[in-house]
Amino acid sequence: MPGEAVKARVEQVYRQDSRRILATLIRLLGDFDLAEEALHEAFFIAVERWERDGVPDNPRAWLVSAGRFKAIDSLRRRARFAASQPMLVAQLEELEQADWSGEDVEDDRLRLIFTCCHPALAADAQVPLTLREVCDLTTEEIARAFLAAPAAIAQRIVRAKAKIRDAKIPYQVPSRTELPERLDSVLRVIYLVFNEGYSASMGAELTREDLTREAIRLARLLMELLPEAEVMGLLALMLLHESRRRARSSVTGELILLDEQDRSLWDQGMIAEGCAMVEAALNTRRFGPYCLQAAIAAVHAEAPTAQETDWPQIVGLYDVLLRAMPSPVIELNRAAALAKRDGPQAGLSLVEGILARGELLDYHLAHSARAEFCRQLGRVEEARAAYGRALELTQQLPERRFIEARLAGLD
């Protein structure tokens, strides 16, 4: 295979499988930093070896094996200069004797999620660590999801990795008795991964299908492991949102709001599966916030047209959701629903109340919502100022173009 074709194939494997390979290397090596070093070494030598020998039948297994041997070589070199360090020598001996023959590694990222969400880690570090290590989000993307400073997120990740290493936190899915107490963090991680894919925090594309697909895959794995109502609810919520992917942007990549989408493009298979899961989850009577959000998404999905949306039901579901999980972002979403039911002034009053409390001041969607309500009420200068603030806070190009078009429409 020509060199350029090999490089393209290596890049494709990296995009598709690098985080699975990393997860397996972390399991085999027991060290985040060593695994990351081994991962990059393996991809580096793949370019030369695959051009010479051809692309292997199982590139992922080849890369895991290559990474493992590179790590052993690295440890062996260190051991020559640190023979007095018994832990390093023991780690080297264990790796050299271990038999890894390319066993199924599909669950390794799920194992890694549970490791990253171990209760011994600080709560504010669990999700950032998982998003970084499992899904390869940048520190900036994670900070955006948390509305936090990138430097603060980076510090949390470094401390969490050190804790895992020093406390020897096991790389495994917990027992069934331990699962429930660990579930909330894992669900939160999966949903944040999905959200970053469903509406990318920055860049030229509105969505990142690799992330939404991965989040759904992880949720299905979790469903097999623990078929609880909230797991069903999260999977249903993601399926119902994902069903609208094709309708959310134009052929030129422009953002299309929910009310203006061509509903014939919605994936009816995903909608049917998601709605059935919502019904099953609600019937358990053990449902929580994810089930309620999925129920709201189901009401949207079942409306034949935007005009036929049952806004009173959606507002009622948001009322229940706010009691279960108070959050200014949920308040903002409820304000949008209330505006559909009672008019833009009702929505504007709620949004201005949130901002007056000092919440969501750096959240572009809050300012976009305020701008939209002001526009509908004919308060043009206030709309212009709010859209301007939203534009300052938005780093995703399709959203920026949408806001710029709204601003231009005010002139």
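Residues numbered from 1 in each chain as written. Predicted model: local features only at pLDDT ≥ 70, side-chain atom pairs only at ≥ 80, totals over all residues. Heavy atoms only, no water.

1. What about the overall build of the protein?
- In terms of regular secondary structure, the protein is built from 19 helices and two strands.
- Over its C-alpha atoms, taken along the principal directions, the protein stretches across nearly 75 × 50 × 40 Å.
- When burial is assessed residue by residue, the protein has 49% of its 411 residues classed as buried.
- Within the protein, contacts between residues separated by at least 24 positions form 65% of all contacts whose residues are at least 6 apart in sequence.
- Taken as a whole, the protein presents about 19,600 Å² of accessible surface, with 52% of it coming from carbon and sulfur.
- Side-chain charges in the protein split into 52 positive and 63 negative, and the spacing between the mean points of these groups amounts to 2 Å. (Helix = DSSP H or I, 4+ residues; strand = E, 2+ residues; numbered from the N terminus. Buried < 20%, exposed > 50% of the residue type's maximum accessible area, 1.4 Å probe, protein only. Contact = heavy atoms within 4.5 Å. Areas by Shrake-Rupley, 256 points an atom, 1.4 Å probe, with all protein chains shown as cover. Lys, Arg positive; Asp, Glu negative; His and termini not counted. Charge placed at Lys NZ, Arg CZ, Asp CG, Glu CD.)

2. Examining the packing of helix 9 (residues 179-198) against helix 10 (residues 209-225)
- Look at helix 9 against helix 10: their axes get within 7 Å of each other, and the N-to-C directions meet at 160°. The orientation of helix 9 with respect to helix 10, classified from their angle, is roughly antiparallel. The two elements helix 9 and helix 10 cross, and the hand of that crossing is left-handed. Together, L179, L183, V186, L187, I190, V193, F194, E196, G197 and Y198 of helix 9 and L211, T212, A215, I216, L218, A219, L222 and L225 of helix 10 make up the contact between the two elements.
- A class-by-class count of the residues in the contact of helix 9 with helix 10 yields 15 nonpolar, two polar and one charged. (Axes fitted to C-alpha atoms, helices over the stretch in contact; angles between N-to-C directions. Parallel < 35°, antiparallel > 145°, perpendicular 65-115°, else oblique. Left-handed = near helix turned anticlockwise from the far one by under 90°. Nonpolar A, V, L, I, M, F, W, Y, C, P; charged D, E, K, R; others polar.)

3. A few points about helix 11 (residues 229-242)
- Along its 14 residues, helix 11 runs 20 Å from first to last C-alpha, staying within 8% of the 20 Å computed at 1.5 Å per residue.
- Helix 11 sits mainly inside the fold: 14 of its 14 residues count as buried. (Expected span 1.5 Å × (residues − 1).)

4. A short note on the pattern of salt bridges
- The full count for this structure, using the stated rule, is 29 salt bridges.
- A salt bridge links E214 to R217, with the shortest nitrogen-to-oxygen separation between them at 3.2 Å. Note that E214 and R217 are positioned in helix 10 at a spacing of three residues, about one turn of the helix.
- According to the relative accessible area criterion, E214 is buried, its value standing at 8%. (Salt bridge = Lys/Arg side-chain N within 4 Å of Asp/Glu carboxyl O.)

5. Notes on the environment of T252
- Within the fold, T252 resides in the loop between helix 11 and helix 12 (268-283).
- Judged by relative accessible area, T252 falls into the exposed class, the value being 59%.
- A C-alpha to C-alpha distance of 19 Å links T252 and A408, two positions 156 residues apart in sequence.
- Of note is the side chain of T252, whose polar atom sits 2.9 Å from the side chain of S250. (Polar contact = N/O pair within 3.5 Å; in protein donor to acceptor, adjacent residues only side chain to side chain.)

6. Concerning the nonpolar core
- Formed by 103 residues in total, the largest nonpolar core has its most connected members in I190, L222 and M238.
- The biggest single contributor to this core is helix 9, with 11 residues.
- Those residues within four positions of I190 in sequence are excluded, and the remaining contacts are I113, A215, L218, A219, L222, L234 and M238. (Core = buried A, V, L, I, M, F, W, Y, C linked by side-chain atoms within 4.5 Å.)

7. Examining unusual backbone geometry
- One non-glycine residue, R285, lies in the positive phi region at around 65°.
- Tracing the sequence through the fold places R285 in the loop between helix 12 and helix 13 (289-302).
- By relative accessible area, R285 is classed as exposed at 72%.

8. Some words on a negative patch on the surface
- A cluster of acidic side chains, namely E4, E11, E48 and E51, defines a negative patch on the protein surface.
- Positionally, E51 belongs in helix 2 (residues 32-53).
- For E51, a relative accessible area of 43% corresponds to the partly exposed category. (Patch = residues over 30% accessible without salt bridge, like charges linked within 9 Å, V, L, I, M, F, W, Y side chains within 5 Å.)

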